[in-house]
Amino acid sequence: AWKSVFRPEEGISELQVVLCDEDLNELAVLGPTEKLPNWARAKKINGLGTAWTLGQGSISKAHIYVGNKQSGYKIWVYDLEGNPIRRIEKDHEPVAVPEEIKRMVLEVFDIPIHRTQKNKLYFPDFMPAIQYFFPDDQGRLFVMTFKRGERPGDYLYDIFNSDGVFVGRTSLDNTGNESLEIWGGPFEVRAKNHLLYYLRAKESGFRELVVCRMIWSEQ
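Residues numbered from 1 in each chain as written. Predicted model: local features only at pLDDT ≥ 70, side-chain atom pairs only at ≥ 80, totals over all residues. Heavy atoms only, no water.

**A closer look at the pattern of salt bridges**
Move 1: Inspection of the entire model under this criterion finds 14 salt bridges.
Move 2: One salt bridge in this structure joins Lys-3 and Glu-26, with 2.7 Å as the shortest N-O distance. With Lys-3 in strand β1 (residues 2-7) and Glu-26 in strand β3 (residues 26-37), this pair connects stretches of sequence that are 23 residues apart.
Move 3: For Lys-3, a relative accessible area of 33% puts it in the partly exposed group.
Move 4: Close ionic contact of Asp-110 with Lys-118 constitutes a salt bridge, the shortest N to O distance being 3.3 Å.
Move 5: The partly exposed category is assigned to Asp-110, whose relative accessible area is 39%.
Move 6: Owing to a relative accessible area of 29%, Lys-118 belongs among the partly exposed residues under this scheme.
Move 7: Three or more residues joined by partner-sharing salt bridges are found here, namely Lys-90, Asp-158 and Arg-169. (Salt bridge = Lys/Arg side-chain N within 4 Å of Asp/Glu carboxyl O. Helix = DSSP H or I, 4+ residues; strand = E, 2+ residues; numbered from the N terminus. Buried < 20%, exposed > 50% of the residue type's maximum accessible area, 1.4 Å probe, protein only.)

This is how it looks when you write it as structure tokens:
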């Protein structure tokens, strides 16, 4: 589960991934916490941190994966009892913050309720290292970066095997979920029996369900 812990004395709230028992009693906090500033008290506001987010976590039949946009390219892997197994890290090529995203964030802060905070906005030089990740039923982990693919709407995914070893890349266009990110973040992906299922946004505003078959070459 995701849990928000408010710390008014620090002017922040912490977004935690927690492991609970069947009665929702908290057993452990997994991975690092994501710290979200109080806009009213903050002296500066990171424009990339203004989008509403549930944090980053995913679960397979054997593992729990936890990360967040503030921790760089790092994903913590646990078993289902909350015991740490490994941490996945990878060097990555930084992606500059697109001008389109800056424009969308500034437009949100141009409405009366947020206008007083607009002069506090700033943007870092680069996007976060990780955008989203999901596992398949064979223990592989697919990590969505902010690096664009060749087709419109595509983003590159790094693929790690069940031992956490990088084995390749692919691209998917599971973009356009305005309820997750104000600039249109990723739709979730489900992977089972060598098939990928995801939604993507169409120019008409409708969404379509895409099903892809995964074909793995022998190594």
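After presenting the structure, the write-up continues.
**A look at empty space enclosed by the protein**
Move 1: Overall, the coordinates contain 3 cavities of 30 Å³ or more when judged by the stated rule.
Move 2: If you add up the space inside the largest cavity, you get close to 60 Å³.
Move 3: Lining the largest cavity are 11 residues, and of these Leu-15, Val-17, Pro-32, Gly-67 and Asn-68 sit closest to its centre.
Move 4: A breakdown of the residues in the lining of the largest cavity according to their chemical character gives 5 nonpolar, 5 polar and 1 charged. (1 Å grid on protein atoms, 1.4 Å probe; cavity = no way out; pocket = protein on both sides within 12 Å on 5 of 7 lines; lining within 4 Å. Points joined across faces, edges and corners; volume = space filled by probe spheres on them. Nonpolar A, V, L, I, M, F, W, Y, C, P; charged D, E, K, R; others polar.)

**Examining the sheet that holds β3**
Move 1: Strand order in this open sheet of 3 strands is β1-β2-β3, and the pairing throughout is antiparallel. Every interior strand has two partners, whereas the edge strands, β1 and β3, have only one. Sheet twist, expressed as the average angle between the axes of neighbouring strands with direction ignored, equals 30°. (Pairing = 2+ DSSP bridges. Axes fitted to C-alpha atoms, helices over the stretch in contact; angles between N-to-C directions.)

**A closer look at unusual backbone geometry**
Move 1: Of note in the backbone geometry, Leu-24 takes a positive phi value of approximately 65° without being a glycine.
Move 2: With respect to the helices, strands and loops of the structure, Leu-24 is situated in the loop between β2 (12-20) and β3.

**Observations concerning the environment of Phe-123**
Move 1: Turning to its location among the elements, Phe-123 is positioned in the loop between β9 (121-122) and β10 (132-135).
Move 2: With near-sequence residues (within four places) excluded, Phe-123 lies in contact with Gly-47, Leu-48, Lys-102, Val-105 and Leu-106. (Contact = heavy atoms within 4.5 Å.)

**Focus on the pairing of strand β8 (residues 84-89)**
Move 1: The pairing of strand β7 (residues 74-79) with β8 spans 5 bridges and is classified as antiparallel. If you follow Ile-75 over to β8, its bridge partner there is Ile-88.
Move 2: In textbook terms, the turn of a hairpin is the stretch between consecutive antiparallel strands, and for β7 and β8 this stretch comprises 4 residues, one of which, Gly-82, has a positive phi near 90°.

**Some remarks on the packing of aromatic side chains**
Move 1: The full count for this structure, using the stated rule, is 6 aromatic pairs.
Move 2: Centre to centre, the rings of Phe-134 and Phe-142 are 4.8 Å apart; their planes meet at 0°, and the pair counts as stacked.
Move 3: Residue Phe-142 is classed as buried on the basis of its relative accessible area, which comes to 2%.
Move 4: Relative to Tyr-157, the ring of Phe-134 lies with its centre 5.8 Å away and its plane at 70°, an arrangement referred to as edge-to-face. Taken as a pair, Phe-134 in strand β10 and Tyr-157 in strand β12 (residues 155-160) lie far apart in primary sequence, 23 residues in all.
Move 5: The exposure class assigned to Phe-134 is buried, which follows from its relative accessible area of 1%.
Move 6: Judged by relative accessible area, Tyr-157 falls into the buried class, the value being 0%.
Move 7: Members of the aromatic cluster, joined through ring pairs, are Tyr-132, Phe-134, Phe-142, Tyr-157 and Trp-216.
Move 8: Positioned over the ring face of Phe-166 is Lys-90, at 4.9 Å from the centre of the ring. (Phe/Tyr/Trp six-rings, centres within 6.5 Å; stacked < 30°, edge-to-face > 60°. Lys NZ or Arg CZ within 6 Å of the ring centre and 35° of its normal.)

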